[in-house]
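Survey of secondary and tertiary structure
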Amino acid sequence: MNAHEIEYQIHGKEMQFVEIELDPQEGVVAESGSFMMMNDGIAMETIFGDGSNQDEGILGKLFSAGKRLLTGESLFMTVFSNVGSGKKHVSFAAPYPGQIFPIDLSEMNGKFVCQKDAFLCAAKGVSVGIEFSKKLGRGLFGGEGFIMQKLEGDGMAFVHAGGNMSKKVLQAGEVLKVDTGCVVGFTKDVNYDVEFVGGIKNTVFGGEGLFFATLKGPGTVYVQSLPFSRLAGRVLALAPKTGNKTRGEGSLLGGIGDLLDGDNRI
């Protein structure tokens, strides 16, 4: 095993966090901003890249960290290591409502491809890199662009999905069509592409975008029911457009209805 062996427990339903148990000298690497809490005796260290190849020299570290800029992530990641005696616990929280699910890379032939902001944390030794799309159509219209994240190694990683998560195991040749924003990740043998919706009415009036993501087996696909971009779009659409005026919560009376309902923010 190159990655540290860790034990974990996922708590909660809609707003989850993962609690990781570390033996002495074990560590976990996490994205900046995902930390929730930890026991005394755990040391926190900010490093370049993901810490999977810390012995490769300064140029290797800079190259590893530089790749993360292409995914829109920070140059730095944080390693939490148990430097005390006995078992210690450290917890990481989801950034928005949804589900955290574990990925055992040793059961996925050592590689998992996911959307750029899905990765939460992983056992130290797991490599967090980038996956370039080799197809122009997928890069332009696939919802995730030319670049996705890839998790490589033989340890545990934890990925977050918005809303509810659905796991689909595809047989050889089986095709699953998904809204481009709902794809969380997939195993390395899955063929990921995009397909035009087709039809004038579907294109102009369908409201579902112009393209599907098509995922062809064999392999495992993870799909989310509420992408953060969709949630943010709904919130933005309902946000007040001028001053502090509200949209009246759907009331025919608008602001007057808010006053009658006890909402005095207008």
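This text follows the structure it describes.
Residues numbered from 1 in each chain as written. Predicted model: local features only at pLDDT ≥ 70, side-chain atom pairs only at ≥ 80, totals over all residues. Heavy atoms only, no water.

**Quick look at the pairing of strand β9 (residues 111-114)**
Side chains K111 and V113 of β9 all project onto a buried face; the interleaved residues F112 and C114 project onto the opposite face, where all are buried too. In the sheet, β9 pairs with strand β12 (residues 147-152) via four bridges, with the strands oriented antiparallel. Within the sheet, the bridge partner assigned to C114 lies in β12 and is Q149. (Buried < 20%, exposed > 50% of the residue type's maximum accessible area, 1.4 Å probe, protein only. Helix = DSSP H or I, 4+ residues; strand = E, 2+ residues; numbered from the N terminus. Pairing = 2+ DSSP bridges.)

**A word on the sheet that holds strand β7 (residues 88-93)**
A sheet is described by the order of its strands in space; here four strands give the open sequence β1-β2-β7-β4, paired in antiparallel fashion. Strands at the two margins of the open sheet, each flanked by one partner only, are β1 (7-11) and β4 (35-38). Looking at each pair of strands side by side, their axes are set apart by 20° on average, direction ignored. Examined bridge by bridge, β1 and strand β2 (residues 17-22) share five bridges and lie antiparallel to one another. When the bridges of β2 are listed, I10 appears paired with V18. (Axes fitted to C-alpha atoms, helices over the stretch in contact; angles between N-to-C directions.)

**Some remarks on the environment of L231**
For L231, the position within the fold is in helix α4 (residues 228-238). You can call L231 partly exposed: its relative accessible area is 28%. Between the alpha carbons of L231 and Y96 there is a distance of 9.8 Å; along the sequence they are 135 residues apart.

**Some points on the nonpolar core**
Ranked by internal contacts, the top residues of the largest apolar core, which has 39 residues, are I20, F92, I103, F112 and L151. The contacts of I103, once residues within four sequence positions are left out, are M108, F112, G155, M156, A157, V159 and Y222. Core analysis: the next-biggest nonpolar cluster, separate from the first, contains 13 residues, V113, C182, V183 and F186 among them. (Core = buried A, V, L, I, M, F, W, Y, C linked by side-chain atoms within 4.5 Å. Contact = heavy atoms within 4.5 Å.)

**Considering the packing of aromatic side chains**
All chains considered together, the criterion is met by seven aromatic pairs. Their ring planes at 75° and their centres at 5.0 Å tell us that Y8 and F158 sit as a pair that is edge-to-face. Here Y8, found in strand β1, pairs with F158, found in strand β13 (residues 156-162); they are 150 residues apart in sequence, far enough to count as distant. Ring centres of F101 and Y222 lie 4.6 Å apart, and the angle between their planes is 15°; on these two criteria the pair is classed as stacked. Taken together, the positions of F101 in strand β8 (residues 98-104) and Y222 in strand β19 (residues 219-224) put the pair 121 residues apart, joining distant regions of the chain. For Y222, a relative accessible area of 4% puts it in the buried group. Ring-pair connections join several aromatic residues into one group, and the members of that group are F35, F80 and F92. (Phe/Tyr/Trp six-rings, centres within 6.5 Å; stacked < 30°, edge-to-face > 60°.)

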